[in-house]
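# Coordinates in review
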Amino acid sequence: MWRSIINILNPYFYFTICRTFFYDWGFLKIRKAPIPVISVGNISCGGTGKTSVVRYLATSLQDLGPLLILSRGYKRSSKGFLWVLREGNLMARLKEAGDEPYLLGLLFANHPKIHIAVCEDRYLGIRQALKEVRFNLVILDDAFQHRALYRDVDLVLLKKKDLKDLLLPFGRLREPLYFLKRAHAIILAFQEIQSFNYSHPFIPVFKMYRKNFKVLNSSLEPVDPQNLPELIAFAGLGDNQQFFLTLQKLGLKIKEKIGLSDHFSYQDFLLHPQEYYITTLKDFIKLKPSPNLYLLDFDIEIPELMNFLKNKLK
């Protein structure tokens, strides 16, 4: 009841309602790409593991042929269409590409079937990319609210705290939970930290588990976490708490936790030479390699999702 009262008093609530109405009734145009499109998004302001899911999908769907990962490139210095990774070659720098596209470009370098580009207008981005490279599938990163492009499959990640959160600016929800009805599938994130359930009367629900955690040094070589000294953990994610909880569950010795804003620039961030640090892959790419800096990497598993996707894409 109180949540409904807060929404009634929230101007942003009416903006989301009006925007949805205009798209649903055709007042705002939705354009369709000439090839299948999978969107990965969320209903809150980051921190649900979208980039990890995009990485998982691109790796798992390569057997369907060449594919394009397309992002708007949040906070990038460039404008318009830009190749980040083309035919296995990294084509842009971090500031030009934006954090997540550049990270994915590093991870998929030398993968000739996976291409990455950024463009604010996703439809125009697909059309431009198709003029230069042939591919059979598009994966959109962070696009649940990007209604201007039709998607064949809309995947939405949900974390446990989203279920009790409020709409912006009183909380971190971009849209009311009711708008999950637009999704083709819902993915419940971070099940290995805190298992939770959610069901929808019309939409299939899958669970995401992170696994095969590994600590890497600045040369990206695996190290034995049991041999590490006390660490200072820091991160600039949409939800830093899940990173700190993961380190705790892995039994790492953490002496201090530093939570930074999402997409933190690290321009004046200095590592003390007498301390040891651990961070995320997304944060690591913005820092100079250092012998006292480590990062956490992992794989993910979403049981039955691939079967669902391949059936939808047929």
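Further up the page is the structure itself.
My aim in this report is to walk through the structure given alongside it, one point at a time.

## Observations concerning the sheet that holds strand β1 (residues 37–42)
Spatially, the nine strands line up as an open sheet ordered β4-β3-β5-β2-β6-β1-β7-β8-β9, and their pairing is mixed. With partners counted over all chains shown, the strands left at the sheet margins are β4 (89–90) and β9 (205–207), one partner each. The pairing of β1 with strand β7 (residues 153–158) spans five bridges and is parallel. Bridge pairing in β7 links Ser39 to Asp154. On top of the sheet, helix α3 (residues 50–60) reaches β1, β2 (67–71), β5 (114–118), β6 (137–141), β7 and β8 (185–188); it is set at about 155° to β1, its chief contact. The strands touched by helix α6 (residues 122–132) within the sheet are β1, β2, β3 (82–86) and β6, with β2 carrying the most contacts at an inclination of about 145°.

## What to know about helix α9 (residues 305–313)
Within α9, the full set of buried residues consists of Leu305, Met306, Phe308 and Leu309. One side of α9 holds all its buried residues, which, seen down the axis, span an arc of 160°. The elements touched by buried residues of α9 are β1, α3, β7, β8 and β9.

## Brief notes about the pairing of strand β12 (residues 231–235)
Most of β12 sits out of view: five of its five residues are buried. Of the two faces of β12, both are covered, the one formed by Leu231, Ala233 and Ala235 as well as the one formed by Ile232 and Phe234. Bridge count for β12 against strand β13 (residues 254–259) is five bridges, and the pairing is parallel. Residue pairing in the sheet places Phe234 in a bridge with Ile258 of β13. With helix α7 (residues 240–249) bridging β12 and its parallel neighbour β13, the resulting β-α-β unit is right-handed. Here two bridges tie β12 to strand β14 (residues 277–280), and the two strands are oriented parallel to one another. Its bridge partner lying in β14, Ala233 is registered against Ile278.

The rules we used
Residues numbered from 1 in each chain as written. Predicted model: local features only at pLDDT ≥ 70, side-chain atom pairs only at ≥ 80, totals over all residues. Heavy atoms only, no water. Pairing = 2+ DSSP bridges. Helix = DSSP H or I, 4+ residues; strand = E, 2+ residues; numbered from the N terminus. Contact = heavy atoms within 4.5 Å. Axes fitted to C-alpha atoms, helices over the stretch in contact; angles between N-to-C directions. Buried < 20%, exposed > 50% of the residue type's maximum accessible area, 1.4 Å probe, protein only. Arc of directions from axis to C-beta. Right-handed = clockwise from strand over helix to strand, strands pointing away.

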